[in-house]
Amino acid sequence: WVAASFTKQQFPLARLSSDSAAPRTPHFDVIVVGGGHAGTEAATAAARCGSRTLLLTHRLDTIGQMSCNPSFGGIGKGHLMREVDALDGLCSRICDQSGIHYKVLNRRKGPAVWGLRAQIDRKLYKQNMQKEILNTPLLTVQEGAVEDLILTEPEPEHTGKCRVSGVVLVDGSTVYAESVILTTGTFLRGMIVIGLEMHPAGRLGDHPSVGLAQTLEKLGFVVGRLKTGTPPRIAKDSINFSILNKQTPDNPSVPFSFTNETVWIKPEDQLPCYLTHTNPRVDEIVLKNLHLNSHVKETTRGPRYCPSIESKVLRFPNRLHQVWLEPEGMDSDLIYPQGLSMTLPAELQEKMITCIRGLEKAKVIQPGYGVQYDYLDPRQITPSLETHLVQRLFFAGQINGTTGYEEAAAQVRILAHCNFRLLRSRHSPASASRVAGTIGACGDCSEPRLYYCTPVWAREQDSISKKKKRNNLLVFILRFGIISKNLFLDLPHMTWILTLMKLSYICRALDVLKYEEVDMDSLAKAVPEPLKKYTKCRELAERLKIEATYESVLFHQLQEIKGVQQDEALQLPKDIDYLTIRDVSLSHEVREKLHFSRPQTIGAASRIPGVTPAAIINLLRFVKTTQ
Ligand code: FAD
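Residues numbered from 1 in each chain as written. Predicted model: local features only at pLDDT ≥ 70, side-chain atom pairs only at ≥ 80, totals over all residues.

Quick notes on the overall build of the protein
- If you tally the helices and strands in the protein, you get 23 helices and 24 strands.
- Taking all 627 residues of the protein together, 45% fall into the buried category.
- Put simply, of all contacts in the protein between residues at least 6 apart along the chain, 73% involve residues at least 24 apart. (Helix = DSSP H or I, 4+ residues; strand = E, 2+ residues; numbered from the N terminus. Buried ≥ 20, exposed ≤ 12 C-beta atoms within 10 Å, placed from the backbone. Contact = placed C-beta atoms within 7 Å.)

Pasting the structure below:
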């Protein structure tokens, strides 16, 4: 083997093995580096497939840590939680055991844009996640900082590509494995920023990962820089909630996991959130102090959808911005002001906060800060997340420039999931094209979604428990299963519907549920055991009713997705001016991205981050009609 590089980290961490009997150079099937949202999903999925898995992470006590907001889900993210759940992932189930305020956003709009969201008790989430991880069979968890990769010489049949065969830790010890998955989040050469001060850190209180970043660069990976930030935390008892708008949780709570009918806490015991707004004084403080705020001046861009208050003020001057005051936990004294992510010097942060209504006497307990970190250009990985440069080396989560906990978890569960059994053996990882056809094609997290594709193929995956597989299968049968028409005959309101459908003997549950008059109660009488039980599940009833109502729209959308796949190679006109073309519905953001990237084909356009599947369908239609 050859070590790609070996550089001692600036802040060496002591290696504490949770298993003192472990041999010095143990051999695993899979090593997962990082115990964040991507790493925990990757490690459990691999272990459940029967792979002897090692989760190597800086600290056991930060496994499952929520680095920024104390919430999961929301518009464009709630459906990712559902996908993770369909694949028997962890975060949806753990959220149902740790939430303190559950709310479905956008209820007044159509079901495709509903956003299931919950405030989460940070401490409880971490505890529940760590319990799950430490009790997963075949999964060994060990503290340690990975500094370097062990590579084997290229095999002739693999066109000169070298292969990863293990990792080197900061203390020089080595661990071998068939595959290595890096889920290092914001830690690669991480720097935190407050005002004009910068310190090396992966996040507040955690060392950065410098040696590994250097290794990846030396190997020839294209490395970019991203930035993001977090708001200050405020003492709860210093806020005047009585003058603010109160938001109460939903009653009943909607769980994230389809296997749960309820969450761990009653709605009446959940905590409220409060709404306040910024004002012109906030803008003034931001604008007057730009020279003291290096994070804002940096040209590094952030991942999507997490703008700081400074960037909102600069981009949308003279507007009042919403600030949600959210609880950090059941017994926490801290409030998280969602919408006030900032990197002003600490003393100015309190000055700004106290100009906001309800926060006049607010005490800042921990200042907001920014983080800048290396990410790996995602064009260097295949759809199964394996790197093009090094065989059996995988990148997952924020290291690929994803945004948020949900996307990190979903990326692992959805795309890498189908490969873990193969990761153990000598075969090449399976292509994720089956997945790409459904999830991948609608994988942009901002897209409205009506339908969860994963249960259909998730049934076949090894990484899913037997109980979950059975559940998925029954839901599948209920959705598409054929029901004898005779079973409906004793239901008076069904008679005319069946006549209308001109069906002779049999029909699908979805065929009858699309009629307004038919609900799950009537269906319950017509389906055999053991499906009856599932018709009583409120969440499932709602989901199937929605699917039935929109089935034809969905069919049309899937046809369009197929069309895009068939026309991947279609050339885009060289002289097209994306900023001004009419007769095609494209958002300003998409127009700008196409304008700057100038993709040659529809396929290339669809791979530009932020160019949504809906935009691609519109663009394809436009190009075809104008050719
Ligand atoms: P992480 O959750 O960061 O987990 C990485 C794990 O890898 C950690 O456990 C770390 O200890 C471990 N690790 C790293 N390097 C090594 C190594 N060499 N050896 C061993 N272990 C290692 N995202 C947003 O989308 N919006 C935001 O507004 C936002 N704000 C943020 C603000 C801050 C201050 C920070 C720090 C992060 C923010 N994030 C934000 C990012 C958010 O935390 C991630 O989206 C999410 O945590 C990604 O999950 P992950 O598993 O990829 O990485």
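Having seen it, we continue.
A closer look at the sheet that holds strand β11 (residues 191–194)
- Spatial ordering of the open sheet is given by β12-β11-β20-β13, a layout of 4 strands whose pairing is antiparallel. Two strands lie at the open edges of the sheet, namely β12 (197–200) and β13 (223–230), each paired on one side alone. Sheet twist, expressed as the average angle between the axes of neighbouring strands with direction ignored, equals 25°.
- Pairing analysis gives 8 bridges linking β13 to strand β20 (residues 369–376), with the strands arranged antiparallel. (Pairing = 2+ DSSP bridges. Axes fitted to C-alpha atoms, helices over the stretch in contact; angles between N-to-C directions.)

Focus: the sheet that holds strand β4 (residues 71–73)
- Read across the open sheet, the 3 strands follow the order β4-β6-β5; overall the sheet is antiparallel. For this open sheet the edge positions go to β4 and β5 (99–105), each flanked by a neighbour on one side alone. The average undirected angle you get between the axes of adjacent strands in this sheet is 15°.
- One ladder, built from 3 bridges, connects β4 with strand β6 (residues 115–120); its direction is antiparallel. When the sheet's bridge partners are listed, G73 is paired in β6 with R117.
- Against the sheet, helix α2 (residues 78–86) engages β4 and β6, with an angle of about 85° to β6.

Remarks on helix α4 (residues 122–134)
- Between the first and last C-alpha of α4 there are 18 Å, a value that for 13 residues agrees with the 18 Å anticipated at 1.5 Å per step.
- Every buried residue belonging to α4 is among R122, Y125, N128, M129 and I133, and all of these are buried. End-on, the buried residues of α4 take up no more than an arc of 135°, which puts them together on one face. (Expected span 1.5 Å × (residues − 1). Arc of directions from axis to C-beta.)

What to know about the site of the ligand
- Near the ligand lie 37 residues; those nearest to it are G34, G36, G185, C306 and G397.
- Of all the secondary-structure elements, those providing two or more residues to the shell around the ligand are α1 (37–48), β3 (53–57), β13 and α10 (404–416).
- Residues belonging to the shell around the ligand are distributed by class as follows: 13 nonpolar, 22 polar and 2 charged. (Near = placed C-beta within 6 Å. Nonpolar A, V, L, I, M, F, W, Y, C, P; charged D, E, K, R; others polar.)

Topic: the nonpolar core
- Ranked by size, the top nonpolar core spans 84 residues in total, and within it I31 and V180 carry the most contacts.
- Ranked by residue count, the leading element in this core is α1, at 6 residues.
- Excluding residues within four positions of it along the chain, I31 makes contact with L54, L56, V167, V175, A177 and V180.
- Of all hydrophobic cores here, the second largest spans 21 residues; its members include C273, L344, M352 and I356. (Core = buried A, V, L, I, M, F, W, Y, C linked by C-beta atoms within 7 Å.)

Considering the pairing of strand β16 (residues 273–277)
- When strand β15 (residues 245–247) meets β16, the two strands line up antiparallel, connected through 3 bridges. Bridging across to β16, Q247 finds its partner in C273.
- Where β16 and strand β17 (residues 322–327) come together, 4 bridges link them in antiparallel fashion. Each residue of the ladder has a partner; that of T276, found in β17, is V323.

Considering the confidence of the model for the protein
- Residues with a pLDDT of 70 or more make up 78% of the protein, whose mean pLDDT is 82.
- Predicted confidence is poor over residues 1–24, with pLDDT under 50, and the contacts of this stretch with residues over four places away or in other chains come to 53 contacts.
- Taken together, the stretch residues 426–459 has pLDDT below 50 and engages in 82 contacts with residues farther than four places along the chain or on a different chain.
- Complex prediction metrics read pTM 0.82 and ipTM 0.98. (pLDDT = per-residue confidence, 0-100.)

Some words on unusual backbone geometry
- Of note, the amide linkage connecting N251 to P252 takes the cis form, showing an omega dihedral of 5°.
- Phi is positive for D88, which is not a glycine, with a value near 60°.
- Although it is not a glycine, R189 adopts a positive phi angle of roughly 50°.
- Residue placement: R189 occurs in the loop between β10 (174–182) and β11.

What to know about the environment of L90
- By the secondary structure assignment, L90 is in the loop between α2 and α3 (91–98).
- What makes L90 buried here is the crowd of 24 C-beta atoms within 10 Å.
- Separated by 157 residues in sequence, L90 and Q247 have C-alpha atoms that sit 28 Å apart.
- The contact partners of L90, leaving out residues within four places of it in the chain, are T40, E41, T44, M129 and E132.

Here we look at the pairing of strand β7 (residues 139–143)
- Across the 5 residues that make up β7, a large majority, 4, are buried.
- As judged from the 5 bridges shared by β3 and β7, these two strands associate in the parallel manner. The residue bridging L55 from the neighbouring strand is V141, located in β7.

Some points on the packing of α2 against α3
- Packing of α2 against α3 brings their axes to within 7 Å, and their N-to-C directions diverge by 110°. Considering their axes alone, α2 and α3 lie roughly perpendicular with respect to each other. For the pair formed by α2 and α3, the contact residues are M81, V84 and D85 on the first element and C91, S92 and R93 on the second. (Parallel < 35°, antiparallel > 145°, perpendicular 65-115°, else oblique.)

Remarks on the packing of α3 against α4
- Following both chains from N to C, one finds α3 and α4 inclined at 130°, their axes separated by 9 Å at the closest point. For the element pair α3 / α4, the angle class is oblique. Seen from above, α3 lies across α4 with right-handed handedness. For the pair α3 and α4, the contacting residues are I94, Q97 and S98 in the first and L124, Y125, N128, M129 and E132 in the second.
- Taken together, the residues that form the contact of α3 with α4 break down as 4 nonpolar, 3 polar and 1 charged. (Left-handed = near helix turned anticlockwise from the far one by under 90°.)

Observations regarding helix α6 (residues 280–288)
- Along α6, the positions that sit buried rather than exposed are V282, D283 and V286. Down the axis of α6, the smallest arc covering the buried residues is 100°, so these residues share one side. Turned more than 90 degrees away from the buried face of α6, the exposed residues are P280 and K288.
- On the buried face of α6, the contacting elements are α8 (309–315) and α9 (346–353).

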